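Report on the structure
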Amino acid sequence: MSRAVIEVAEPVERVQAHTKDTAIRSIRATIVEAPTRRRHKLSNTEVTHQGYVLVRVLLDNGVTGIGEASTLGGPRWAEESVESIKAAVTNYLGPALLGQPALAFEANALRMGKAATRNFAAKGAIESALLDAAGKTLGLPASALLGGAIHERIEVIWALASGDSGQEVEEASEKLRRREHRQFKIKFGFNRPQADLKRLQALRAGLGDEVRLIVDVNQGWTEAECIRFMPELEELDVALIEQPVSALQLDAMARVAARTSIPLLVDEAAFTKEEIARAGTMGCGSVYSLKLVKSGGLFEMKCAAAVARAHGLELYGGCLLESSIGAAAHLAAFATLPKLEWGTEHFGPRILMEDLVVNPIRFEEFEICVPDGPGLGVEVDEDKIRAFARKD
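In this text the structure is predicted, and so the values were computed from the model without any measurement.

Strand-to-strand pairing in sheets goes through backbone hydrogen bonds, with the strands running parallel or antiparallel. Read across the open sheet, the three strands follow the order β4-β13-β12; overall the sheet is antiparallel. Strands with a single pairing partner mark the edges of an open sheet, and in this sheet they are β4 (153-155) and β12 (363-364). Summarising the sheet, β4 and strand β13 (residues 367-369) pair through three bridges and their orientation is antiparallel. Residue Arg153 lies in a different strand from β13, and its bridge partner there is Cys369.

As structure tokens, then:
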């Protein structure tokens, strides 16, 4: 009986992707202030120019990746401001990553964690830039590096935040007519509750009963005000209420959630996985708002989604008025989630007078389209960056 002959091939030299000239050569940060089409009011501030920090990561192979950190009127929504983000990137986070392989995402996240506590917007911008550079190097969309896209398009919400009900009805009606948005989030908290309710009544009357309305109180009410005014929100068929009380008052938020038939959206009350688990366990809400500025990275944002879902919370794609750069980063992660029950509010590119990219994200038939090009799938408009960059 003859023996089978096994031929041993010559060993093939395998080039590891993360050693393919993808070491991080430099990380730079630029403050950009882009004008908005209208005033955007929150309970504690209003915005006419949106502040960003644009982060550029250069690899040894010559590829540049772009990331974006967004804030709302300085360190009011959270601790970070564009000034602190730039300082953290330049002085602490960037130096910790120089020379490291761009594709070592988990190791790089650990390095950033040791270099700076929290600073989530700054970390998220750097990781987005690394995913952009890695995707461009490999010819893959960032979503492929995050597990692979399940969705190509996501329902998108528009925020109404001028405070003028007449203007807002006109604005929303035009969005409906153009088939751009059919869900609207109304910002509360910058007026007395009675005034906000009158405004909401006008919106409901002007837009009809078929339009889904979401109310964002931005921590603007007390528990007593919630008890008093939420029945009126129920009568107006509000679908969701975002963060009605202070983020520090978890017990009060849980009591409010138990009293109303409207689901509560947990936003500022939970940033980290531990905070999400605590809010879920306490019954502070039924929906969780995912934001890169809260998670500090796209991989960590996917972990946040998993923790929220494990505690029975549905998912909502939140935003901080990002341009197409920041929106593309969020969408790369959102596209990989099995469910995003409430869609996303990444309308930010459309509230800017001029977007920061040459190929803005597309909006079609009430949905936002997930970019499918390499990396984040968007290209920075250098002329716009020069025009809007803060002069130091």
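What follows is about the pattern of salt bridges. Two side chains carrying opposite charge are able to pair once their charged atoms lie near each other. Across all of its chains, the model carries 31 salt bridges by this definition. Arg153 is paired through a salt bridge with Glu364; the nearest N and O atoms lie 3.0 Å apart. Of the two residues, Arg153 is situated in strand β4 and Glu364 in strand β12; the sequence distance between them amounts to 211 residues. A relative accessible area of 31% places Glu364 in the partly exposed class.

Below, the discussion takes up helix α3 (residues 120-138). Counted at 1.5 Å a residue, the expected span for α3 with its 19 residues is 27 Å, and the 27 Å between its end C-alpha atoms agrees. Of all 19 residues in α3, 17 are buried; the element is thus mostly enclosed. Gly139 sits one or two residues past α3 and shows a positive phi near 70°.

Under the domain assignment used here, the chain contains domain 1 (23-139) and domain 2 (145-376). Computed from C-alpha coordinates alone, the two centres of domain 1 and domain 2 are separated by 22 Å. Facing the 39 residues of domain 1 at the interface are 45 residues of domain 2. Taken together, the links from domain 1 to domain 2 amount to one salt bridge. A salt bridge links Arg118 to Glu275, with the nearest nitrogen and oxygen atoms 3.9 Å apart.

Rules used throughout
- What you see as residue numbers is a count from 1 along each chain, following the sequence as written.
- With the structure being a predicted model, the display of local features is reserved for residues of pLDDT at least 70 and the display and counting of side-chain atom pairs for 80 or more, all residues being used for whole-chain, interface and lining totals.
- Computation of side-chain values covers all heavy atoms of the structure but excludes hydrogens and water.
- A pair of strands is labelled paired if DSSP reports no fewer than 2 bridges between them.
- Here a helix means four or more residues in a row that DSSP labels H or I, a strand means two or more in a row labelled E, and each is numbered from the N terminus.
- Here a salt bridge means any side-chain nitrogen of Lys or Arg lying within 4 Å of a carboxyl oxygen belonging to Asp or Glu.
- Only protein chains enter the accessibility calculation, which uses a 1.4 Å probe. A residue is then buried if its area is under 20% of the maximum for its type, exposed if over 50%, and partly exposed in between.
- The span expected for a helix works out to 1.5 Å for each residue beyond the first.
- For every domain, the bounds stem from an assignment made automatically or drawn from a database.
- Residue contacts follow a heavy-atom distance rule, with two residues in contact if any of their heavy atoms lie within 4.5 Å.

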